[in-house]
Amino acid sequence: MADADEYGTVQKLLHWLIALLVVAQVVVGVWIGTLDPHDQAQAALATILYQAHDGTGASILVLVLLRLLVRLTVGVPALPRGTPRWADSLAHLNHRLLYLVLIVQPVLGYLTNGANGYPWSIYGLYNIPAIIAKNAVWADWLGQAHQVGAAVLISLVALHLLGAFYHGVIRRDGVVSRIV
Ligand code: HEM
Ligand code: HEM
């Protein structure tokens, strides 16, 4: 743990950039699911959205790994004295699980793509080849695991927002202002 009582500029920038990308990623993921693959115009839109979704997933993975690296080297501020132990433990568990899901979710997406017979497209500019063979059963399972991952992520973000509300509105202890 660092002694500083607020996050550094790089940590703040990474926090908000990742938050923005995660929201866009969920919106685009759900949007893709509403498109009819048998309709030519919607299938063409799905191809573009998949490239954006694949590429943004890669960006999130790289930024989260970078963020973990910064966290391991400069540390993070401890919660203010007086924060109840349960709130401190819940916040740490929430952060750890957020990091975990933000790493597992792009990997699951990559494997889903592979099982569907597609590479990992980095915004349509570069393709990372699949590491698993095309397999309809695996594609179904992995697609479902990716959906569960998204639901877990949304739940963790909801808990995170409740935490921000608790610190910002109920306790007014300055925790929210140190990340903005
Ligand atoms: C943090 C990163 C990611 C998040 C938050 C995310 C989120 C989502 C969401 C919310 C959906 C819609 C699920 C539904 O139908 O309800 C989805 C679908 C999908 N995503 Fe991702 N995704 C991420 C990364 C990736 C990556 C990197 C890839 C591919 C390389 C990918 C491939 C897919 C595929 C193929 C689907 C359709 C799955 C199916 O229903 O069969 N995702 N994603
Ligand atoms: C998709 C959206 C978001 C994600 C994935 C996310 C993720 C994270 C993670 C992983 C941390 C832990 C940082 C660390 O200690 O290494 C964190 C910290 C924090 N986040 Fe978010 N965040 C999101 C949105 C928000 C929003 C909208 C707020 C609203 C104010 C917020 C407020 C905070 C605060 C106050 C902290 C610092 C907590 C502390 O000092 O212990 N976050 N966020």
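Summarised in this report is the structure supplied together with it. This structure is a prediction, so every number in the text was calculated from the model and none was measured. (Residues numbered from 1 in each chain as written. Chains lettered and ligands numbered in written order. Predicted model: local features only at pLDDT ≥ 70, side-chain atom pairs only at ≥ 80, totals over all residues. Heavy atoms only, no water.)

Tallied over the entire structure, the rule returns two salt bridges. A salt bridge links Glu-6 to Lys-12; the nearest nitrogen and oxygen atoms lie 2.4 Å apart. When its relative accessible area of 40% is taken as the criterion, Glu-6 is described as partly exposed. Since its relative accessible area comes to 17%, Lys-12 is described here as buried. Across the pair Asp-173 and Arg-171 runs a salt bridge whose closest N-O atoms are separated by 3.7 Å. (Salt bridge = Lys/Arg side-chain N within 4 Å of Asp/Glu carboxyl O. Buried < 20%, exposed > 50% of the residue type's maximum accessible area, 1.4 Å probe, protein only.)

Taken together, the neighbourhood of ligand 1 is formed by 21 residues, with Gln-25, His-53, Asn-113, His-146 and Gln-147 sitting nearest. Between ligand 1 and Gln-147 there is a distance of 3.2 Å, counted from an oxygen atom to a side-chain nitrogen or oxygen. Every element with two or more residues in the shell around ligand 1 is listed here: helix H1 (9-34), helix H2 (40-74), helix H3 (85-115) and helix H4 (136-171). Element by element, the count of residues in the shell around ligand 1 is highest for H3, at six residues. Of the residues assigned to the shell around ligand 1, the class counts are nine nonpolar, 11 polar and one charged. (Near = heavy atom within 4 Å. Polar contact = N/O pair within 3.5 Å; in protein donor to acceptor, adjacent residues only side chain to side chain. Helix = DSSP H or I, 4+ residues; strand = E, 2+ residues; numbered from the N terminus. Nonpolar A, V, L, I, M, F, W, Y, C, P; charged D, E, K, R; others polar.)

Our next topic: the site of ligand 2. As a structural note, the neighbourhood of ligand 2 is formed by 20 residues, with His-15, Arg-71, Tyr-99, His-160 and Arg-178 the closest of them. One of the side-chain N or O atoms of His-15 is found 2.8 Å from a nitrogen atom in ligand 2. At 2.5 Å from an oxygen atom of ligand 2 is found a side-chain nitrogen or oxygen belonging to Tyr-99. Counting residues per element, the ones that place at least two in the shell around ligand 2 are H1, H2, H3 and H4. Of the residues that constitute the shell around ligand 2, the class distribution is 14 nonpolar, three polar and three charged.

What is shown is where atoms sit, not what they do.
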